[in-house]
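# Geometric and topological summary
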Amino acid sequence: MSDFFINKQGEPVFLAGLQCHNSSSGTEMIDTTIEAVRLFGGNLIEAPVYWCEVEKEKDSYDFSMAAELVDKATEAGLYLIPLWFGFSKNGLFTYAPEYVKRDCAVYKRARNSAGIPVESLSPHCAETLAKDKKAFVKLMEFLAEYDKRGTVIAVQVENEVGLVHTDRDYCQEADREFYEPVPEYLRGAYVPDCGTSSSHSSQETSGSLSWTELFGRHGAEAFTAWKFAQYIQAITQAAKEKFDIPYIMNVSIEVNEYEAPGYCYVSGGPVARVLDIWKKTAADIHLFGPDIYLAAERDYRKACKLYGREDNPLFIPESLNSGMGAALNMFLAAGDYSAVGICCFGAESIISNGVLLPEAEYTARSMRAIAAMEPLLIKYYKTGRVYSVTQAEFAQWQYVKTDEYHIVAKFLSNDPKPQNYFGSRINTNALEQEFCMTERGRCLIVDCGGGEFYISGLGVCLSFLKRPDVEDKTPYAHLGSALSGQLNFLSIEEGHFEGSQWVCEYMRNGDEANYQLYVHPGQVIRVRLNPEIRWEE
């Protein structure tokens, strides 16, 4: 299966969009979400479908909410990822039907080490699994029949599963299973920072090993991950028989504070530490996407690196919807970590009377710039030819080294000798466009080879310099030649993509091309440099 999501026409799609608030489905707020997605230049809406609404009465099902979401997304020309809020939403059972909430003798709660029930349903409870699975499968059966146009591009199973306020369930059944040997197929699972040697050489072990013996101090979390993964695999496998579509999960990530399960994040979810266990157990989940509410670049990079694995494409289902940190980090995900999709949470909070709030404009400008490069992000996925440029605090420039060129990106907001680019199609002297010169710079650069580049972003201007050949005997002289720079261009264009086809809207030359090549919001720049340099005739 492709790392990218695939539409009904069999084409890969880079997903960029917004998720609504938890209680917006079935209300007029979805219209606000859709309007915000339009303003962000996105192609996706994520919205929940609630178990408690689908099955208000036991064994009686209503799919009108799901039908309305499909209709609204289709009408808006957007893809839809329905989020199944079933037995676990952020580790809580708040979206379970009333009959489940009332009958805790049948639909059991997890218990902490003192035997006290917590706010999570137990993944060990067969009765809960049976009812959750039945409702979810019926919903998938409905969507398979109702969604004729392929609006639904994936389905999220549950939401941030795990246990709150405990590392594992301490009920009698859980205790019995916890002290049984770890299943043989998990002996090779790697759980870092276990405090034991067995986890690092588990493929060589033999005999009956307990969870603690194999996974050390993370034994309880590893065990809980296995039980949740079994639960999720059971409902996903059954659903896939009715609706063959990518099933994904979002993750309450561990990149925060002291990273203790049940305290800093819900325990047993598919966090990076136990992702091997999930991959081996819940095989029908296409990918596990981290919810990254981190503005600091250091922490954001850590999360992307942990989840953007060879066996797990990086899709970010939830992230900050506003602020400069989020606006910069999007480019890191798309460029440095080859994300296949990026979404922000809380669409209704960033729009008022059809206008985005100022803080949200930062992220909107970033998402529009990234979405404009969709065909190239797909074509050059994981080729090493997609580069991100983001302006760190105090930075005046960033250097990018490609196979053939040196690129220096200067940031307009910190340029000691700023040029206002009077020839730009955007009048940067106008007060309403002042942000073009003052906002932190960021862009994507795609190197297509042979001197052809595409750039999208804002607040940067770029210089290109041909790198001398390895065998060049006079490299310094050649670096100083005008023929090595961007003056030696074939064409410089502004335009956009229609599908995978480039459409030129505006040709730059003269003052608009002879100096550093600027990129402003809403622009995609195609630069064609002349690779055929002749130093001697």
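What you see is a predicted model; the values in this text were computed from it and never measured. (Residues numbered from 1 in each chain as written. Predicted model: local features only at pLDDT ≥ 70, side-chain atom pairs only at ≥ 80, totals over all residues. Heavy atoms only, no water.)

## Here we look at helix 3 (residues 64–76)
The end-to-end C-alpha distance of helix 3, which contains 13 residues, comes to 18 Å, matching closely the 18 Å that a straight helix rising 1.5 Å per residue would cover. For helix 3, every residue scored as buried is listed here: Met65, Ala66, Ala67, Leu69, Val70 and Ala73. Looking at the buried side of helix 3, the elements it contacts are helix 1 (29–40), strand 4 (44–50), helix 2 (51–54), strand 5 (79–85) and helix 5 (126–146). Gly77 lies just past helix 3 and shows a positive phi near 75°. (Helix = DSSP H or I, 4+ residues; strand = E, 2+ residues; numbered from the N terminus. Expected span 1.5 Å × (residues − 1). Buried < 20%, exposed > 50% of the residue type's maximum accessible area, 1.4 Å probe, protein only. Contact = heavy atoms within 4.5 Å.)

## Some thoughts on the side chain of Thr402
Considering the arrangement of structural elements, one finds Thr402 in the loop between strand 17 (397–401) and strand 18 (405–411). Take Thr402: its relative accessible area is 1%, and that puts it in the buried class. Setting aside chain neighbours within four positions, we find Thr402 in contact with Tyr387, Ile407, Asp447, Phe453 and Arg467.

## Comments concerning the sheet that holds strand 19 (residues 442–449)
One open sheet accounts for six strands, arranged 16-19-20-25-22-23; its pairing is antiparallel. Whereas interior strands pair on both sides, the edge strands pair on one side only; in this sheet they are strand 16 (386–390) and strand 23 (501–508). Mean inter-strand twist for the sheet, computed between neighbouring axes without regard to direction, equals 30°. Sheet topology places strand 19 next to strand 20 (residues 452–458); seven bridges connect them, and they run antiparallel. Bridge pairing in strand 20 links Asp447 to Phe453. Each of strand 19 and strand 20 touches helix 12 (residues 358–371); the most contacted strand, strand 19, lies at about 10° to it. (Pairing = 2+ DSSP bridges. Axes fitted to C-alpha atoms, helices over the stretch in contact; angles between N-to-C directions.)

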